[in-house]
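# Geometric and topological summary
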Amino acid sequence: MNYLIAIEFLAVIVSAIYGVLLAARKGMDVMGVFAVSFAVAFGGGTLRDLFLDRTPLFWVGNPHYPVIVLGIAVFSGFLVRYIGRIRPLLVFPDALGMALFTLTGTAYAMDAGTGVFVAALLGVITGTFGGVLGDMICNEVPSLFTPSPLNATCSFAGAWVYLGMTHRDFLQPFALVSGIVVIVLFRLAAVRWNWCFPAVREPNPPPSP
Amino acid sequence: MNYLIAIEFLAVIVSAIYGVLLAARKGMDVMGVFAVSFAVAFGGGTLRDLFLDRTPLFWVGNPHYPVIVLGIAVFSGFLVRYIGRIRPLLVFPDALGMALFTLTGTAYAMDAGTGVFVAALLGVITGTFGGVLGDMICNEVPSLFTPSPLNATCSFAGAWVYLGMTHRDFLQPFALVSGIVVIVLFRLAAVRWNWCFPAVREPNPPPSP
Amino acid sequence: MNYLIAIEFLAVIVSAIYGVLLAARKGMDVMGVFAVSFAVAFGGGTLRDLFLDRTPLFWVGNPHYPVIVLGIAVFSGFLVRYIGRIRPLLVFPDALGMALFTLTGTAYAMDAGTGVFVAALLGVITGTFGGVLGDMICNEVPSLFTPSPLNATCSFAGAWVYLGMTHRDFLQPFALVSGIVVIVLFRLAAVRWNWCFPAVREPNPPPSP
């Protein structure tokens, strides 16, 4: 259980930083930056806790989490100045945040007694919903829903790795790390070589109304 | 109670198919199609379960539901090819999905002991929220909120038919079927003859900022 | 506790009127107006109740609330005709609705035993989420997230005034009124003199993809 708390803590920090960069690209003010960071860092886990009826919510029960996210937003001016130069590396925190949150979602769902398929799904929802919410606040079509490098698929694969390894009685920390590594590597490879699924289209779509 | 489970099961399938067609029109990939189908099929019922504090969520407690929706999304390429030709008939599954979900929302709300007006509202929310979410993911203004053929109104009317009939001690299955038939016929008529409410406008709106 | 119920009741009415004016500007029909009023009046409080696991939701437990909002939406034609002329005064109900909901969020969170920072945050979420939802339904970039006169900041300041005063053993009604007055005056001043935070920007953002 302690492993999950450490993973969640890291996921919050990585996601908040990703949120700052998302917001800075839109020229938001510091409150807007905080709102986006907050949504990216807590969106997925909040949905997970609501869906599994876990109380209190993880950021209500760990009140230092939102304080940390506020701190990151307040110093975002410095952060943006520094990180802007290393943007090409940014795909890494994005992938890592998704991986960490996916594993917490899957593991908490299994603890709550759901079926394995639902646990994998809750992992994907926890891992990706923060990013979707951040994109929505920034008024962009969430990249999750457009043909773009595999995203939810990587998250789904890592959730199954974890589920398979715990089913085979591997130790939990080993299964957690394996799931995270699979998601991060799979996602980095998908971005690097632009792996996409083909689009599903109607043969002769009607003209748009 | 068993009637409601059967109705909910049918509602999930009909809504997932509607979601596939919504996503295919946007040329999404198979994961995007799954996300839209999932949102349309489970969005309304999830909100209903959260608002009524029913646990576990209906798709967590019935883990075969998301498996079926995944199956529909995986085979959506075939589905789209086949259903594209019968698009003019599509208004029917749309109306049926809304009708079925509306009745589950109203009936579960009454079971939870809400007032009748709140029960009718929860029916409308359950019946329409999936479609709103699907439209939002596809980045369209939800048709629920634009002047278009009556939609929530049909759902509202059917909820009251059910509430009136159960109040008068009709058998539940009879009241359920009556509510569904009213919603479907009302909605089909509204689309056919383009029944709309007039728009509410300010006499002299200020220029947009 | 009774003070909070009175404040919440007033907040619902003020917010529903604000929602009507938001919807009327977009030329929605009466059902769309109801949906927007409903979202503005109940969005923030619903999120508060879900996050704090309070059951039943405040508009489920007070079934006359949605009836009143429906009444306001039905008579919105008259309302819009009358209020259109006093639009310059409209910033006041907007600020008042935010203030009232902020205080209910903060007070209920403290009752539920959260930390003070989380209580202030829940106040801000309760106070601002209804407006964000209304903007989203109307397909606008929520003004909360764009550089515009201070908004969430006013709400945050008022929440801290309440928390500080109750910590110092002031009577609750006095602390509530002080928080509300601070938010309303702060917000009115921010709009009047156009107080904004500076935008956080990258020095050299990459070209948009």
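From a predicted model like this one, the values you see are computed outputs, not experimental measurements. (Residues numbered from 1 in each chain as written. Chains lettered and ligands numbered in written order. Predicted model: local features only at pLDDT ≥ 70, side-chain atom pairs only at ≥ 80, totals over all residues. Heavy atoms only, no water.)

## Topic: the nonpolar core
With 198 residues, the main nonpolar core has A:Phe42, A:Trp59, B:Phe42, B:Trp59, C:Phe42 and C:Trp59 as its most contacted residues. Among all residues touching A:Phe42, those that are not within four sequence positions of it are A:Val12, A:Phe58, A:Trp59, A:Tyr65, A:Pro66 and A:Val69. (Core = buried A, V, L, I, M, F, W, Y, C linked by side-chain atoms within 4.5 Å. Buried < 20%, exposed > 50% of the residue type's maximum accessible area, 1.4 Å probe, protein only. Contact = heavy atoms within 4.5 Å.)

## Structural notes on the confidence of the model for chain A
Mean pLDDT for chain A: 83, with 86% of residues reaching 70 or above. This complex was scored by the predictor with a pTM of 0.87 and an ipTM of 0.83. (pLDDT = per-residue confidence, 0-100.)

## A few points about empty space enclosed by the protein
According to the stated counting rule, one finds 4 cavities of 30 Å³ or more in the structure shown. Size it by volume and the largest cavity reaches roughly 170 Å³. For the largest cavity, the lining is made up of 21 residues, of which A:Leu50, A:Asp53, B:Leu50, B:Asp53 and C:Asp53 are closest to its centre. If you list the elements that add at least two residues to the lining of the largest cavity, you get α2 (30-52) of chain A, α2 (30-52) of chain B together with α2 (30-52) of chain C. Looking at the lining of the largest cavity residue by residue, the class counts come to 9 nonpolar, 3 polar and 9 charged. (1 Å grid on protein atoms, 1.4 Å probe; cavity = no way out; pocket = protein on both sides within 12 Å on 5 of 7 lines; lining within 4 Å. Points joined across faces, edges and corners; volume = space filled by probe spheres on them. Helix = DSSP H or I, 4+ residues; strand = E, 2+ residues; numbered from the N terminus. Nonpolar A, V, L, I, M, F, W, Y, C, P; charged D, E, K, R; others polar.)

## Section: a nonpolar patch on the surface
Taken together, the side chains of A:Val74, A:Phe75 and A:Phe78 present a nonpolar region at the surface, about 360 Å² in accessible area. Summarising the element assignment, A:Phe75 is placed in the loop between α4 (64-74) and α5 (76-83). (Patch = residues over 30% accessible without salt bridge, like charges linked within 9 Å, V, L, I, M, F, W, Y side chains within 5 Å. Areas by Shrake-Rupley, 256 points an atom, 1.4 Å probe, with all protein chains shown as cover. Salt bridge = Lys/Arg side-chain N within 4 Å of Asp/Glu carboxyl O.)

## Concerning the packing of aromatic side chains
Residue and element names in this part refer to chain B. Counted by the stated rule, this structure contains 39 aromatic pairs over all chains. With centroids separated by 6.5 Å and ring planes inclined at 40 degrees, the aromatic side chains of Phe117 and Trp160 adopt a geometry described as tilted. With Phe117 in helix α7 (residues 116-137) and Trp160 in helix α8 (residues 152-167), this pair connects stretches of sequence that are 43 residues apart. The exposure class assigned to Phe117 is buried, which follows from its relative accessible area of 12%. Looking at Trp160, the relative accessible area reads 34%, which means it is partly exposed. (Phe/Tyr/Trp six-rings, centres within 6.5 Å; stacked < 30°, edge-to-face > 60°.)

## What about the environment of A:Leu100?
Positionally, A:Leu100 belongs in helix α6 (residues 91-111). The spatial distance from the C-alpha of A:Leu100 to the C-alpha of A:Leu4 is 9.0 Å, given a sequence separation of 96 residues.

## Some words on the pattern of salt bridges
Throughout the structure, instances matching the rule amount to 12 salt bridges over all chains. Where A:Asp49 meets A:Arg48, a salt bridge forms, and the shortest distance between an N and an O atom there is 3.0 Å. Comparing A:Asp49 with A:Arg48 shows no difference in burial state: the two are buried. A salt bridge links C:Glu8 to C:Arg48; the nearest nitrogen and oxygen atoms lie 2.9 Å apart. Of this pair, C:Glu8 sits in helix α1 (residues 2-24) while C:Arg48 sits in helix α2, and the two are 40 residues apart along the sequence. Of the residues examined, C:Glu8 reaches a relative accessible area of 2% and is grouped as buried. The network of salt bridges with shared partners includes A:Glu8, A:Arg48, A:Asp49 and A:Arg54.

## Let's talk about the side chain of B:Thr104
Structurally, B:Thr104 is set in helix α6 (residues 91-111). On the basis of relative accessible area, B:Thr104 is assigned to the buried category, the value being 0%.

## Section: the packing of helix α1 (residues 2-24) of chain B against α2(B)
Residues and elements named next belong to chain B. As a packed pair, α1 and α2 sit with axes 7 Å apart at the nearest point and diverge in direction by 140 degrees. In terms of axis orientation, α1 runs oblique to α2. Here α1 runs over α2; the crossing is right-handed. Contacts between α1 and α2 involve Glu8, Val12, Ser15, Ala16, Tyr18, Gly19, Val20, Leu22 and Ala23 from the first element and Val33, Val36, Ser37, Val40, Ala41, Phe42 and Arg48 from the second. Looking at side-chain class alone, the contact of α1 with α2 contains 11 nonpolar, 3 polar and 2 charged residues. (Axes fitted to C-alpha atoms, helices over the stretch in contact; angles between N-to-C directions. Parallel < 35°, antiparallel > 145°, perpendicular 65-115°, else oblique. Left-handed = near helix turned anticlockwise from the far one by under 90°.)

## Observations regarding the packing of α1(B) against helix α9 (residues 172-193) of chain B
Residues and elements named next belong to chain B. Contact geometry of α1 with α9 gives a least axis separation of 10 Å together with a crossing angle of 25 degrees. With respect to each other, α1 and α9 are oriented roughly parallel. Every pair of crossing elements has a handedness; the one defined by α1 and α9 is right-handed. Between α1, through Tyr3, Leu4 and Ile7, and α9, the contact on the second element is made entirely by Gln172, Pro173, Leu176 and Ile180. In terms of residue class, the contact of α1 with α9 is made up of 6 nonpolar, 1 polar and no charged.

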